[in-house]
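Structure at a glance
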Amino acid sequence: MSIDSGAVAGSRTQRPLSVAIAALGGQGGGVLADWIVAVAESGGWLVQSTSVPGVAQRTGTTVYYLEMCPRPADLAKEPVFALMPVPGDVDVVVGAELMEAGRAAVRGFITQDRTTVVASTHRVYGITEKSALGDGIAEANAVLAALRGAARRLVCFDMEAACAQSGSHISSVLFGALAASGALPFARDSYEQAIRAGAVAVTANLAGFAAGFELALRNAPVTGVIPPGPAPKSDAGRRLDAQVRATFPAHLHGIVVEGIRRLMDYQDGAYAEIYLRRLSEVSRWDAGAGGMARGYALTAAVARYLALWMSYEDTIRVADLKTRRSRFERFRNELGAAPGQIVHVSEYMHPRFQELCDTLPAPIGRRLASSEAAARLLAPLFRRGRHMNTTRWAGFTALYLVAALRRWRRGTLRYQVEQARIDAWLTRIRMSAADYELAVEIAECQRLIKGYGDTHERGLSRFAAIMQFLDRENDGPELAGRVRRLRSAALADEDGHELGAVLREFAAPHEAAA
Amino acid sequence: MAERSFSQEVLKLRIGEGGEFRGEGILAVTKALLQSGVGYVGGYQGAPISHLMDVLSDAQDVLRELGVHFEASASEAAAAAMLAASVNYPIRGAVTWKSTVGTNVASDALANVASGGVTGGALIIMGEDYGEGSSILQERSHAFAMKSQIWLLDPRPNLESIVHMVERGFELSEASKTPVMLELRIRACHVYGRFRAKDNRAPGFTLQDALDAPVRDVTRIVLPPASFEHEQEKIHKRWPAALAFIREHRLNEFMGRPGGKIGIIVQGGLYNTLMRALELNGVADSLGNTDLPLYVLNVTYPLLDEEIVRFCTGKTAVLIVEEGQPEFIEQNLNMILRKADLPTKLVGKELLPRAGEYTGQVLDRGIEAFLRQYAQEMGDSPAPGDSRGPRSSRGAMREPSKEIRALQGILPIRPVGFCTGCPERPIFTAMKLLQRELGSLHISCDIGCHLFSILPPFNLGNTTMGYGLGAAGAAAFNSPRGKRAIAVMGDGGFWHNGLTSGVGGSVFNQTDNVLVIVDNGYAAATGGQDILSSRADNRTKSTKHPIAAAVQGVGVKWLRLIDRTYDLKRMLDTLREAMTTAEKGPKVIVASSECMLNRQRRERPQQNRAIAGGARVVRARFGVDADTCTGDHSCIRLSGCPSLTIRPNPDALRQDPVAYVDNSCVGCGLCGEVAHAAVLCPSFYRAQLVFNPTLWDKVLAAIRGAIIGFLQRAADARRAHHEY
């Protein structure tokens, strides 16, 4: 201490190598930093690491930062290591998640002249992405493209998948990829030795390291192609398929067949034929309205939303999906159950009085639904949620029997209600076909109707609010744009503040005129 | 027991003379305390010094061998008051807390100990929670040093310097009979580095020695007339003694090339960042050699006038690098220069930001601006942008590309949130559901994990006034009729002061508000330290003192205990009752469920051992059926569990991502409860995986499998008739 340094900055000494690790809490960024410290020290280097861990919770982002350099001959003159990365002055950025690698780029830590980026392409979604009423997922391709443009070298693949395969933790896969990237001048052995010295989950971590190392060398490019659906298997399927080929433009075959596949699975071939009949009509209006120039966007939109609406989620559908063998295989797989392992599954169901009425034959259901006495009498049955154990025979059989009501579905109250709604929607689309964009927008509004219980009612009422707006406003300017705005407002928040505000805004000129 | 165990690291505390210590800054401080012959240590946890408390707690064997007393203080005020042991006796003591919030709490006791002065060295280790990663209001600890005349150390952030300043800090305290603060920024607390160790020293004068022969000196007690005398003593005796010690032991450092026309004065803690900025500007190398003269303040209060005058004499301009505001040092320096009649221009906050952390980037730009303005004064030394520096190669990065700037709008924010399976989440889910019935509510929050309720997806809470002050923050809303306010308080805050400031105050003033005490068994947000009401056994502390007994003890009549917060219906019913009951007076709900982070840490290894040992174990977790989920995400808005996430919809026709429970699920059951209570959707299922099944399990499973399999095959066959 307290030595008046007389030395003068002379020839430039080797600058320290700097490594920034951007990780989410719980991803093992601290473990990774400790391993890198061990590797550097075993190579006879001086190393410093630090971090800004916040409170104990497991969400937020943490940046771990390391600097290292070969041990100088004169130990009295140790380098001054910085405690935080400076933009433009980082050699290696390790991104344990795609958006965090992107954030490192935004902070200026990734530069063309020197930064090697080792990042995983998998996503851990942020709360705003998760809690959106619709699709709030951030655009990953923009981040990948920016990283590719910014980094000197980019080693980038889905490390989460790699660690699932190797049964390890993502920190070990990142460590392997870092070793393979060649950004640090240490031998593979010293990395593996660091894992062994850590003495925690050594076998799994070494497997993860090896996977990361090899995948980084191959560095498979990321692709996102959806495979085409399989050919029809049944006679009915082949018949409908032929009809699709004869009626619809080629580029729409995929989506129309998806709709048919869904409705045959939902009900039967006859129901799918109703779908095709309705859709053929739409395609005629579409052609009449000059749809060719627009790639038949209206038919495409209706193909999707009509199939979704016609396969509305009733109790029969839920019971059917819940009891399928394929579903049992899927949950065993998702739970990671070992072959032959016993798994009990209980469902969280909350049937309501309304659902009982919906499932009954229409005349009875309608009378029951309008009877206050019945509602009061049966209310206790529906007050609380129920647990149905589908892996025990009683619970399974109950749902199985409900699923078997499928053949009588066309007689149920819900069926009649939904078909009437669908017809009204299609009629509205036809009436609007002169304004092509508006027709497409109306078709898209079906997206608001989804879910069960309160969620379904909320969606339905917002859909209705937009349709009522159209009743009042049938030929105003920019109608399509306004419907689009209303639709995104309907998805903006749960309480409907935004939708109310936009509706009021659109209503204002009327009031002024009145 | 704390979240992180230091049981391996504390072995490093035994390293003797000449050995190389390698480890975290916090651990190095502990080692330095032992090397200094400290007699007692205490403090209150909070980032970034939580680990210091954890290290001390895990180091109790070493402490006991040396005869050092460790106190997990009830609050920072309690910790500061403990320094009273150094007033009359030559015993060294150290306390620690998170600053400035902890210093706020401690300042009553701090001011008293500073007034009467100390005989044994008294050191306060302050974890300065400022800048990136900070969870508190942004203020400086410097003001506390100035107002009470406590000396403030701000060592260069390498372990050698930090350890040295801990040791010198005690000596300074004794030489000037004044407590000393040592300020450590977040990164310095967590920095991994090394230093040359010394042997630990047992205190020469022990606490028992003091009790055996107590010393009473009425002139050390803060009461007139002594209190007037203390002020005189501070100015006329202790201050000059401190300056003499700092000068004599050269605690502040002159570095770089002496002479020259411009120079830099820097807080010790910012030295490393400054050096990197100088290097990037081409006027230093990575070994810390620089052409610019530097004056490094390892002691930032008080300042040594004559050293500053010596440094500034002959210079045209001097840059002061001082983080935070107000710019106390800059003001002081200007006064010193003015008094010495020096024409040197002092450059500070006009080139560097007035507020905010001095990061590498901030100092890089500040130094560049300073050099540009005053470079001609440097004579033959290199100008910025010289090829020797890395600056020239960095010109391009100054402005990131268009693609990268566009990412700013894409990257999702990641606010902190409740952990997977957190038992506090259902409390706020219940409040959110209650708001659907009663309309929006005024909620007075506290400090702790539960404060995350203010962020998405819960968006609940209006104010937070400080640790344990949730109930006090609602005191004014004691309205005689209509809607009531809800106050939230954690168990940590409850024992810190909430029992008196909140519960006692509510009883005395007969408030009509509702108080929810979140009892998760630990001071969870600071890393899971035990507190009075913890249910765990603790080797050295007394636990298992129920909050309910304390609440009733101060006179609460309306008290409801919830022993499983995941029971959402009960939680909601209880909250509704509290909000609507005709009964007057405070309504207190103690909502108890163990912190899931700590519970998993305890139970997971046990469960794994049991499975490996062949015992029958049932592990629960939740799942979502992708084909019934329609992608509305209500469940996420009402739960916010990290394990409840989304993934792209596997259905070709549906576009909205579906909910998905990932493998980190611990099976707490809240998502299912939410689906029930809010009548959401039938997609949730609870799965129980049976490990090492009994024969009976196997027989039953075989029978069930046969029946269900038969029915499923029949359904598959029927479905084949109408498949595509």
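Residues numbered from 1 in each chain as written. Chains lettered and ligands numbered in written order. Predicted model: local features only at pLDDT ≥ 70, side-chain atom pairs only at ≥ 80, totals over all residues.

With respect to the overall build of chain A
Keep this limit in mind: Helix and strand assignments follow DSSP, with helices taken as H or I runs no shorter than four residues and strands as E runs no shorter than two, numbered in order from the N terminus. We compute the radius of gyration from the C-alpha atoms alone; for a globule the expected value is 2.2 Å times N to the 0.38, where N is the number of residues. Three exposure classes are used, based on other C-beta atoms lying within 10 Å of a residue's own C-beta, which is placed from the backbone: buried for 20 or more, exposed for 12 or fewer, and partly exposed in between. Distance between backbone-placed C-beta atoms decides contact: two residues are in contact if it is within 7 Å.
The helix and strand tally for chain A stands at 23 helices and eight strands. Computed over C-alpha atoms, the radius of gyration of chain A comes to 30 Å, more than 25% over the 24 Å expected from 2.2 N^0.38 for 514 residues, which places it beyond the range of a compact globule. Principal-axis analysis of the C-alpha atoms gives chain A an extent of 95 × 65 × 50 Å. Per-residue burial over chain A gives 48% buried out of 514 residues. The long-range share in chain A, meaning contacts at least 24 apart out of those at least 6 apart in sequence, stands at 69%.

Some points on the sheet that holds strand S7 (residues 180-185) of chain B
All names here are of chain B. To be explicit about the condition: When DSSP locates at least two bridges between a pair of strands, those strands are taken to pair. Convention adopted: a line fitted to C-alpha atoms gives each axis, helices being fitted over their contacting stretch, and angles between N-to-C directions are expressed from 0 to 180 degrees.
Reading across the sheet, the seven strands line up as S3-S2-S4-S5-S7-S6-S12 and stay open at both edges, with mixed pairing between neighbours. In this open sheet, the two edge strands, each paired with only one partner strand, are strand S3 (69-72) and strand S12 (299-301). When strand polarity is set aside, the average angle formed by the axes of neighbouring strands in this sheet is 20°. Judged from the four bridges that link them, strand S2 (residues 40-43) and S3 form a sheet pairing that is parallel. For Gly43, the partnering residue across the bridge sits in S3 and is Ala72. Across the sheet, helix H8 (residues 159-176) is in contact with strand S5 (122-128), strand S6 (151-153) and S7; its angle to S7 comes to roughly 160°.

Structural notes on the interface of chain A and chain B
Note the cut-off: Amino acids outside the nonpolar list (Ala, Val, Leu, Ile, Met, Phe, Trp, Tyr, Cys, Pro) and the charged list (Asp, Glu, Lys, Arg) are all regarded as polar, and Gly is one of them.
The partner chain B presents 119 residues to the 121 residues of chain A that form the contact. The element contributing the most residues to the side of chain A that touches chain B is strand S7 (residues 342-349) of chain A, with eight residues. For the side of chain A that touches chain B, the class distribution of residues is 53 nonpolar, 37 polar and 31 charged.

Observations regarding the sheet that holds strand S20 (residues 587-592) of chain B
Sheets are built from strands that pair by backbone hydrogen bonding, the pairs being arranged parallel or antiparallel. All names here are of chain B. One open sheet holds the six strands; their spatial order is S16-S15-S17-S18-S20-S19, and the pairing between them is parallel. Among the strands making up the open sheet, the edge pair consists of strand S16 (463-464) and strand S19 (558-562). In this structure, strand S15 (residues 443-445) lies alongside strand S17 (residues 486-490), joined through two bridges in parallel fashion. Looking at the pairing, Ser444 lines up with Ala487 of S17. The sheet contacts of helix H19 (residues 491-508) involve S17, strand S18 (514-519) and S20, and relative to S17 the element is tilted by about 145°.

Examining the environment of B:Thr628
Relative to the elements of secondary structure, B:Thr628 occurs in the loop between strand S21 (617-624) and helix H23 (634-639). Exposure remark for B:Thr628: the 22 C-beta atoms within 10 Å place this residue in the buried category. Each C-alpha atom of the pair B:Thr628 and B:Val618 lies 26 Å from the other, and the pair is ten residues apart in sequence. Residues in contact with B:Thr628, not counting those within four places in the same chain, are A:Glu313, A:Val318, A:Leu321, B:Cys681, B:Pro682 and B:Ser683.

Looking at the confidence of the model for chain B
Residue and element names in this part refer to chain B. The condition is simple: Predictor confidence is given residue by residue as pLDDT, running from a minimum of 0 to a maximum of 100.
Here chain B averages 93 in pLDDT, while 96% of its residues score no lower than 70. Here residues 380-390 scores under 50 on pLDDT; set against residues more than four positions off or in separate chains, the count is 24 contacts. With pTM at 0.89, the complex prediction returns an ipTM value of 0.88.

Concerning the nonpolar core
Note the threshold: By definition, a nonpolar core groups buried Ala, Val, Leu, Ile, Met, Phe, Trp, Tyr and Cys residues that connect through C-beta atoms lying within 7 Å of each other.
Counting residues in each nonpolar core, the largest one holds 292 residues, and the members touching the most others are A:Val93, A:Val94, A:Leu147, A:Leu174, A:Ala177, B:Trp151 and B:Leu182. Ignoring any residue separated from it by four or fewer positions in sequence, one finds A:Ala177 in contact with A:Val118, A:Val155, A:Met159, A:Gly212, A:Phe213, A:Leu215 and A:Ala216. Judged by nonpolar contacts, the second largest core, of 50 residues, contains A:Val244, A:Val440, A:Leu486 and A:Ala490.

Brief notes about the packing of helix H12 (residues 271-280) of chain B against helix H15 (residues 360-374) of chain B
All names here are of chain B. Stated formally: Each angle receives one of four descriptions, namely roughly parallel if under 35 degrees, roughly antiparallel if over 145, roughly perpendicular if within 65 to 115, and oblique otherwise. Should the near helix be turned counterclockwise from the far one by less than a right angle, the crossing is left-handed, whereas a clockwise turn marks it as right-handed.
Closest axis-to-axis distance for the H12/H15 pair is 8 Å, and the angle between their directions is 50°. Accordingly, the angle class assigned to the pair H12 and H15 is oblique. For the crossing formed where H12 meets H15, the hand is right-handed. Along the contact surface, H12 presents Thr273, Leu274, Arg276, Ala277, Leu278 and Leu280, while H15 presents Gly360, Leu363, Asp364 and Ile367. Residues belonging to the contact of H12 with H15 are distributed by class as follows: six nonpolar, two polar and two charged.

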